[in-house]
Amino acid sequence: MKIEVRLIDKREANIIKNLYPLYLYDLSGHYDRIPNVHGIYEDSDDYRTLNDQYEVQNIWWEKTGVLFPYLILVDGIPAGFILIATPPHCNKGIDYFVNEFFLIQSLRGKGIAESAAKVVFDQLKGNWELFTNPLEKNIAGQKFWRKTISNYTNGIYTEINGETFDGYKTIFRFNNSEK
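Residues numbered from 1 in each chain as written. Predicted model: local features only at pLDDT ≥ 70, side-chain atom pairs only at ≥ 80, totals over all residues. Heavy atoms only, no water.

## Focus: the overall build of the protein chain
And step 1. A tally of regular secondary structure across the protein chain gives five helices and seven strands.
And step 2. Listed by position from the N terminus, the elements making up the protein chain come as β-α-α-α-β-β-β-α-β-α-β-β.
And step 3. Computed over its C-alpha atoms, the radius of gyration of the protein chain comes to 16 Å, within 12% of the 16 Å expected for a compact globule of 179 residues.
And step 4. Each of the three principal axes of the protein chain carries a C-alpha extent, and together these read 45 × 35 × 35 Å.
And step 5. Burial statistics for the protein chain: of 179 residues in total, 44% are counted as buried.
And step 6. Restricting to contacts in the protein chain with at least 6 residues of sequence separation, those with at least 24 account for 57%.
And step 7. Of the roughly 9,800 Å² of accessible surface on the protein chain, 51% is carried by carbon and sulfur atoms.
And step 8. In the protein chain, 20 side chains carry a positive charge and 23 a negative one; their mean positions are 5 Å apart. (Helix = DSSP H or I, 4+ residues; strand = E, 2+ residues; numbered from the N terminus. Rg over C-alpha atoms; globule rule 2.2 N^0.38 Å. Buried < 20%, exposed > 50% of the residue type's maximum accessible area, 1.4 Å probe, protein only. Contact = heavy atoms within 4.5 Å. Areas by Shrake-Rupley, 256 points an atom, 1.4 Å probe, with all protein chains shown as cover. Lys, Arg positive; Asp, Glu negative; His and termini not counted. Charge placed at Lys NZ, Arg CZ, Asp CG, Glu CD.)

## A short note on the pattern of salt bridges
Two side chains that carry opposite charge are able to pair once their charged atoms sit near each other.
And step 1. Counted under the stated rule, the structure contains eleven salt bridges.
And step 2. A salt bridge links Lys 147 to Glu 114; the shortest N-O distance between them is 3.0 Å. Taken together, the residues Lys 147 in helix α5 (residues 139-153) and Glu 114 in helix α4 (residues 112-123) connect sequence positions 33 residues apart.
And step 3. What makes Lys 147 partly exposed here is its relative accessible area of 49%.
And step 4. Through salt bridges with shared partners, one network takes in Glu 4, Arg 6 and Glu 12. (Salt bridge = Lys/Arg side-chain N within 4 Å of Asp/Glu carboxyl O.)

## Here's the deal with α5
In an α-helix, one full turn covers 3.6 residues, which means residues spaced three or four apart are oriented alike.
And step 1. With 15 residues, α5 should cover 21 Å at 1.5 Å per step; its first-to-last C-alpha distance of 21 Å lies within 8% of that length.
And step 2. Looking at the buried side of α5, the elements it contacts are β4 (96-103), α4, β5 (127-132) and β7 (167-175).
And step 3. In the stretch just after α5, Asn 154 is the one whose phi turns positive, near 55 degrees. (Expected span 1.5 Å × (residues − 1).)

As structure tokens, this is what we get:
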């Protein structure tokens, strides 16, 4: 299996936008969410179509050098994405924030996601932060991040549960400046 992770520009934005509803559907199981009245996984009924949702995502291709949309490909086929934010879109003292991370279900458990995360971590050096759902429904996600970050940092990272701008989360932080 050939794994490729690459930063994409707006010419390929549609690929991540096409995968995004699958990501939101996955999250719905972690948070007991249902779609809005139009069948879209969004908090507001203002989103009537997937196209409405796509428009909101354009920010990822409008702030080059600040927001980093990475596409994960497996054997040349889109398989997921990693959306990385930098200041001012992350907490003070944080250089890189894993805003969204997704791999299609059929490819999970094969080391692809960990390999993809490592590629992105290696490209961007500094203080990292990411949040994940601390609830029992997300044990797999918690284990994934714990294992991935521990392997990447040789166990040198912090993990706490606490309040974030996105509610109560498990928060992971590490620095890879010396790597």
